Amino acid sequence: MEVKFLNNQIKAQHFRGVPPSEIMVPYPNINSLLESQANFYKDKIFIKIENEEMSYIDFYKKVNQYSNYLNKKKIKKKLFSVSNSNPIFFLIEIFSVWNNGGVVDLDNEIERKLNFEKIFKDFKPNFSPNKKNKFYDICIKINGRQKNKIFLSHYNLLITAMGMSKNFNSKYENFFVYQYPFKEKLNLILAIILALYLGNSLEFIKKNREIDSKNKTTLFSEQYYSNKKIENIILPHNIKINHKHKNFRIGLFLPEVSGYASINIKKPKIHLDNFFSIGKGMNHCELSIFNKHGSVESNNIGELVVRGHNIVQRIEGNDCIEDHFKFGWFHTGIKGIKFNNEFFIKL
């Protein structure tokens, strides 16, 4: 049974018959992406929150300084918890943990009072890791369905961010906005990696604050938000939704698929009763609708299934894991239907 399960999981990680090992990613790990973009964009604004701005090179230096702090503390453990009291410090901590080859536990938040100003003053902005992360090294632990433990690799996050980037024209400046306080940490991490990959800026705004920008604005949110000045919205499907609204643009968001398997940034043209559009699968994964026998359901309600290079690197938990990987696909447990080459799910 275990061998059959592993075979199904490996098959689910293929995209159109191509295994992940044959897909070229331009960066061996996420910190390599940060270093490359920091050296290229330098003083360009990377992160903004209220009256505070931080350039690409400043963020990179602060990550290195905090990395040196962790290294000096000689923390032997590989699994780290971080605080989300401040979005910028949250991200600095995460990139620093990765710099030291650690894994960030997104479900074990801790509160600790650190004097970041002193750390940034006392430690040098250059960092040389003892061991550089590789593609398939685990970087995130997060709880999935039925409290299974999901382990995502640098490759999982990079390939997902690259897939998301195909929805944006890289020739134009994209203005990314994220509402805070935030709860969905994986959503925020993907937002910052996407901004980093595209060389864009990300601004944190308080919820319900008006957005006034001349640039094309893409909002990452964890709640419904209506604003004519927002061109695109990236919204996880598992948020609380007022079903009176019909123009929701939600993406399929699950830890088992490294966050997003689809993002539906444009307003849907078709409305189905009690079902909401998630658009199409991104270019690194496939979506389909199966019946209980593993046959494709055409224009009928079935279970939404996913396969592709974003499928979780490792999963641990109870015997129910075997039910998640069948017929070479990951089974989401979500009811869905495909109509006019677009996928709709029941929330």
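Cut-off values and rules
Residues numbered from 1 in each chain as written. Predicted model: local features only at pLDDT ≥ 70, side-chain atom pairs only at ≥ 80, totals over all residues. Heavy atoms only, no water. Axes fitted to C-alpha atoms, helices over the stretch in contact; angles between N-to-C directions. Helix = DSSP H or I, 4+ residues; strand = E, 2+ residues; numbered from the N terminus. Parallel < 35°, antiparallel > 145°, perpendicular 65-115°, else oblique. Left-handed = near helix turned anticlockwise from the far one by under 90°. Contact = heavy atoms within 4.5 Å. Nonpolar A, V, L, I, M, F, W, Y, C, P; charged D, E, K, R; others polar. Salt bridge = Lys/Arg side-chain N within 4 Å of Asp/Glu carboxyl O. Buried < 20%, exposed > 50% of the residue type's maximum accessible area, 1.4 Å probe, protein only. Core = buried A, V, L, I, M, F, W, Y, C linked by side-chain atoms within 4.5 Å. Phe/Tyr/Trp six-rings, centres within 6.5 Å; stacked < 30°, edge-to-face > 60°. Lys NZ or Arg CZ within 6 Å of the ring centre and 35° of its normal.

Peer 1: Even after reading the chapter, I still don't get the packing of helix H6 (residues 154-165) against helix H7 (residues 185-198), so can you show me in this structure?
Peer 2: Geometrically, a packed helix pair is captured by the angle between its two axes and the distance between the axes. Between H6 and H7, the shortest axis-to-axis distance is 9 Å and the interhelical angle comes to 65°. On the basis of their axis angle, the class for H6 and H7 is roughly perpendicular. For the pair H6 and H7, the crossing hand works out as right-handed. Taken together, the residues of H7 that come into contact with H6 (itself represented by Leu157, Thr160, Ala161, Met162, Met164 and Ser165) are Leu186, Ile189, Leu190, Ile193, Leu194, Tyr197 and Leu198. Split into classes, the residues belonging to the contact of H6 with H7 amount to 11 nonpolar, 2 polar and no charged.

Peer 1: Sorry, what's going on with the pattern of salt bridges here?
Peer 2: For side chains of opposite charge, pairing can occur when their charged atoms come near one another. Counting across every chain of the model gives 6 salt bridges. Taking the shortest distance from any N to any O, the salt bridge between Glu50 and Lys206 comes out at 3.4 Å. With Glu50 in the loop between strand S1 (45-49) and strand S2 (52-55) and Lys206 in strand S8 (residues 201-206), this residue pair connects regions lying 156 residues apart in the sequence. Taking the relative accessible area as the measure of exposure, Glu50 reaches 45% and is therefore partly exposed. Lys206 gets classed as partly exposed once you look at its relative accessible area, which sits at 48%.

Peer 1: Looking at this structure, how should I read the nonpolar core?
Peer 2: Buried together is how nonpolar side chains tend to be arranged in soluble globular proteins. With 100 residues, the main nonpolar core has Phe59, Trp98, Ile140 and Leu157 as its most contacted residues. Here this core gets 11 residues from one element, more than from any other, and that element is H7. With residues near it in sequence (within four places) discarded, Trp98 still touches Ile30, Asn31, Val104, Asn133, Cys139, Ile140, His154, Leu157 and Ile189.

Peer 1: Even after reading the chapter, I still don't get the packing of aromatic side chains, so can you show me in this structure?
Peer 2: To describe a pair of aromatic rings, one takes the distance between the centres and the angle between the planes. On inspection of all chains with the given rule, the structure shows 25 aromatic pairs. With a centroid separation of 5.9 Å and 40° between ring planes, the pair formed by Phe116 and Phe120 is classed as tilted. Residue Phe116 and its partner Phe120 are located together in helix H5 (residues 116-122), separated by 4 residues, close to a single helical turn. For Phe120, a relative accessible area of 14% gives the class buried. Linked through ring pairs, Phe40, Tyr41, Phe46, Tyr56, Phe59, Phe95 and Trp98 together constitute an aromatic cluster. Looking at Lys62, its charged tip hangs above the ring of Phe120, at a distance of 5.2 Å from the centre. The side chain of Arg314 reaches across the aromatic face of Phe151, ending 4.1 Å from its centre.

No statement about biological role is implied by the geometric values presented.
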